[in-house]
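Overview (structure and organization)
Here is how the chains run, residue by residue.
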Protein chains: 2
Amino acid sequence: MTADNHDRLLNPEEYMPLREVVFLRLRRQILRGELKPGERLMEIGLANRLGVSRTPIREAIRKLEHEGLVVMIPRRGAHVAEITRQELNDVLEVRKSLEVLAITKACGRMTDEDVDELRTEEQAFAARVREQDADPAALGQFDERFHDVIYRGTGNRRLIQILNNLREQMYRFRVEYLKDTEVRETLVKEHDAIIKALEKRDTAEAVRIISLHIDNQFRSINRALDTDGEEAEDGQPQ
Amino acid sequence: MTADNHDRLLNPEEYMPLREVVFLRLRRQILRGELKPGERLMEIGLANRLGVSRTPIREAIRKLEHEGLVVMIPRRGAHVAEITRQELNDVLEVRKSLEVLAITKACGRMTDEDVDELRTEEQAFAARVREQDADPAALGQFDERFHDVIYRGTGNRRLIQILNNLREQMYRFRVEYLKDTEVRETLVKEHDAIIKALEKRDTAEAVRIISLHIDNQFRSINRALDTDGEEAEDGQPQ
DNA sequence: ATATAATGTTTTGTATACAAAGAACATGGA
DNA sequence: TCCATGTTCTTTGTATACAAAACATTATAT
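1. A closer look at the protein's contact with DNA strand D
Around DNA strand D lies a shell of 22 residues, among which Arg54 of chain A together with Leu18, Ser53, Thr55 and Arg76 of chain B are the nearest. The sugar-phosphate portion of DNA strand D accounts for 71% of its atoms within 4 Å of the protein, the bases making up the rest. Between DNA strand D and Thr55 of chain B there is a distance of 2.7 Å, counted from a base nitrogen to a side-chain nitrogen or oxygen. Listed by contribution, the elements that provide at least two residues to the surface near DNA strand D are β1 (40-41), α3 (43-50) and α4 (54-67) of chain A together with α2 (18-31) and α4 (54-67) of chain B. Top contributing element to the surface near DNA strand D by residue count: α4 of chain B, with three residues. A class-by-class count of the residues in the surface near DNA strand D yields eight nonpolar, three polar and 11 charged.

See the structure below:
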């Protein structure tokens, strides 16, 4: 908290209320798995840990609750939301529809400069993938930036917001499945195919690839849940 | 608030925190247009009006903020969000994709009983439409229930949640465009066609109709904004 | 008369206080 | 030993207090 508070005081023009700092911080911790599903979020504990009072903690929790990352049990406080396999598949299903919409719009609206930017991001991503000891979290960031360029190309802010939110829901698992080197190579190939389709303004082809892309994520994540997830789920029964 | 507090105390099993009562109440007022776009939401005023302290008001506002119905200006408090035509069209575009997904899934999953229920809801809706002096708000409720049956038929809870949220964004305008009797008749016909397609399990046809359905809403709402909206927007420059 | 400085008021942001509901634990009885 | 019951402790839900920022208003100087 000290560091964030510092930033906050150093940049008075981008003032950010404590609740927002707390919100972003808790969210990051949940998405990174530092706060595990089922874990209790106790206000006083968090307040002490972050060096603020309960008020901003509570307000941050309200937003996390609305976002679905936190579940409230009446009179028993906040818990990090569990994600069942069913919910994850539900999210992916919705995401697939919206990714198709996004790539369709992007295909019709992206400028040549946008596509260039996309290729730049992709090269950065591919470079990281080649490194054997690449940090999966960092890899995730680059993948994110690639997709952000496409999202921006849609010109539909609500679509961007929802897609970002859906992607967040899977962040926790993405780190897991990005450990698989085979998955990484597939990602690079798919990104490349997407760029080529966008360059040719071939909407049908772009839609085809992005659908494959999501289906692969579907498989990868479910595979990760099958193997890695089993013990973890049992280990955290709450 | 007295009434709500009363309910809350009468039904101790469905205990609801004050913040939740406030949240639902403010949301309803925003969606119904009782709180107009741009209007300031001042904490003390609301607290006095609703007979609670600032704390639950603030927590309710956090959720409204996250939902996009309220916009925060740092150190200047909460305002009811304006909706631009662009945003409205963005919402509709996303909704169209997801309604197509929903009807596709529903077509494959709904039981015959579900379809019967759908027809029941539709008959209730149609009956109301025939009444000349039907209350647009009540009509909206029936339309909502019709679509709820379809949404439930998808078996995808995340999809349901997002669709409900998107629909909410347009609630404010729906009341306007439901005043048009021609629109009402069209709605009935479309609902009927949807049911027929679902009965035949004709996914392609169902998708076709639901797309038309959304496109019509698109036109109706934009028409309402062209005529009715002009003065209202100017009248509320805030 | 206009611009500007000073002052007071309102409103937000944050912290703290207090009551009540639940959970945990210990004590006593079968 | 196991269960029931009462007591304590923790934690939430709500209210209030206080400081600082924004805003309005008045007074002052040019």
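2. Concerning the sheet that holds strand β2 (residues 70-73) of chain A
Think of a sheet as strands paired side by side through backbone hydrogen bonds, with each pair either parallel or antiparallel. All names here are of chain A. One open sheet accounts for three strands, arranged β1-β3-β2; its pairing is antiparallel. A strand with exactly one partner marks an edge of an open sheet, and here the two such strands are β1 and β2. One ladder, built from four bridges, connects β2 with strand β3 (residues 77-80); its direction is antiparallel. Among the inter-strand pairings, Met72 is bridged to a residue of β3, identified as Ala78. The strands that α4 touches are β2 and β3; relative to β2, the one it contacts most, it runs at about 110 degrees.

3. Quick notes on the relation of the copies chain A and chain B
Overlay of chain A on chain B (RMSD 0.1 Å): rotation 180 degrees, translation along the axis 0.0 Å. What we have between these two chains is a two-fold relation. When the interface residues of chain A are mapped onto chain B, 100% of them are again interface residues, pointing to one common binding face.

4. A word on the protein's contact with DNA strand C
The environment of DNA strand C is formed by 22 residues, the closest being Leu18, Ser53, Thr55 and Arg76 of chain A together with Arg54 of chain B. Taking all atoms of DNA strand C within 4 Å of the protein, the share assigned to sugar and phosphate is 71%. Contacts to DNA strand C include Arg54 of chain A, whose side-chain N or O atom sits 3.4 Å from a base nitrogen. Here a phosphate oxygen of DNA strand C and a side-chain polar atom of Arg76 of chain A are 3.1 Å apart. Contributions of two or more residues to the surface near DNA strand C are made by α2 (18-31) and α4 of chain A together with β1 (40-41), α3 (43-50) and α4 of chain B. Ranked by residues supplied to the surface near DNA strand C, first place goes to α4 of chain A with three residues.

5. Examining the side chain of Ser220 of chain A
Mapped onto the secondary structure, Ser220 of chain A falls in helix α10 (residues 203-235). Setting aside its immediate chain neighbours within four residues, Ser220 of chain A contacts Tyr177 and Val183 of chain A.

6. Overview of the nonpolar core
In this structure, Val94 and Leu98 of chain A together with Val94 and Leu98 of chain B are the most contacted members of the largest nonpolar core, which totals 39 residues. Counting residues per element, the ones that place at least two in this core are α5 (85-109), α8 (157-177) and α10 of chain A together with α5 (85-109), α8 (157-177) and α10 (203-235) of chain B. The element contributing the most residues to this core is α8 of chain A, with eight residues. In this structure, Leu98 of chain B is in contact with Val94, Ser97 and Leu98 of chain A together with Leu159, Ile162, Leu163 and Leu166 of chain B, ignoring residues within four places of it in sequence.

7. Concerning the environment of Arg49 of chain A
Residues and elements named next belong to chain A. Note on placement: Arg49 falls in helix α3. According to the relative accessible area criterion, Arg49 is partly exposed, its value standing at 44%. In this structure the C-alpha to C-alpha distance between Arg49 and Gly140, which are 91 residues apart in sequence, comes to 28 Å. In contact with Arg49, other than residues within four places in its own chain, are Gln29 and Leu35.

8. A look at the domain arrangement of chain A
Residues and elements named next belong to chain A. Each assigned domain of chain A is listed with its residue range as follows: domain 1 (3-80) and domain 2 (85-233). On a C-alpha basis, the centres of domain 1 and domain 2 stand 28 Å from each other. Listed by partner, the interface residues are seven residues for domain 1 and five residues for domain 2. Contact between domain 1 and domain 2 buries roughly 600 Å² in total, counting both sides, with carbon and sulfur atoms accounting for 49%. Among the residues of domain 1 in contact with domain 2, Leu31, Glu67 and Leu69 are the three that bury the most area, contributing 67% of the side total. At the surface where domain 1 touches domain 2, the tally comes to one salt bridge. Across the salt bridge formed by Glu168 and Arg27, the nearest N and O atoms sit 3.1 Å from each other. At the junction of domain 1 and domain 2, the tally comes to one residue pair in polar contact (both at pLDDT 80 or more). Among the elements that take part in the side of domain 1 that touches domain 2, α2 stands out by supplying three residues, more than any other.

9. A few points about the interface of chain A and chain B
Where interface size is quoted, it is often the accessible area lost as the parts come together. If you look at the interface, chain A gives 31 residues, while chain B gives 31 residues. A buried area of about 2,900 Å², summed over both sides, lies between chain A and chain B, and 54% of it is on carbon and sulfur atoms. Taken as a group, Arg62, His66 and Arg158 of chain A account for 22% of the area that chain A buries against chain B, more than any other trio of residues on that side. Of the charged contacts in the structure, one is a salt bridge between Glu59 of chain A and Arg58 of chain B, with a shortest N-O distance of 2.7 Å. Across the chain A-chain B interface, the total number found is 18 residue pairs in polar contact (both at pLDDT 80 or more). Elements with a minimum of two residues in the side of chain A that touches chain B: α2, α4, α5 and α8 of chain A.

10. A look at the environment of Gly45 of chain A
Residues and elements named next belong to chain A. Within the element layout of this structure, Gly45 appears in helix α3. Exposure remark for Gly45: the relative accessible area of 42% places this residue in the partly exposed category. Here the alpha-carbon distance between Gly45 and Asn89, two residues 44 residues apart in the chain, equals 34 Å.

What counts, and at which threshold
- Residues numbered from 1 in each chain as written.
- Chains lettered and ligands numbered in written order.
- Predicted model: local features only at pLDDT ≥ 70, side-chain atom pairs only at ≥ 80, totals over all residues.
- Heavy atoms only, no water.
- Near = heavy atom within 4 Å.
- Polar contact = N/O pair within 3.5 Å; in protein donor to acceptor, adjacent residues only side chain to side chain.
- Helix = DSSP H or I, 4+ residues; strand = E, 2+ residues; numbered from the N terminus.
- Nonpolar A, V, L, I, M, F, W, Y, C, P; charged D, E, K, R; others polar.
- Pairing = 2+ DSSP bridges.
- Contact = heavy atoms within 4.5 Å.
- Axes fitted to C-alpha atoms, helices over the stretch in contact; angles between N-to-C directions.
- Least-squares fit on C-alpha atoms with pLDDT ≥ 70 in both.
- Core = buried A, V, L, I, M, F, W, Y, C linked by side-chain atoms within 4.5 Å.
- Buried < 20%, exposed > 50% of the residue type's maximum accessible area, 1.4 Å probe, protein only.
- Domains from an automatic or database assignment.
- Buried area = accessible area lost by both parts, 1.4 Å probe.
- Salt bridge = Lys/Arg side-chain N within 4 Å of Asp/Glu carboxyl O.

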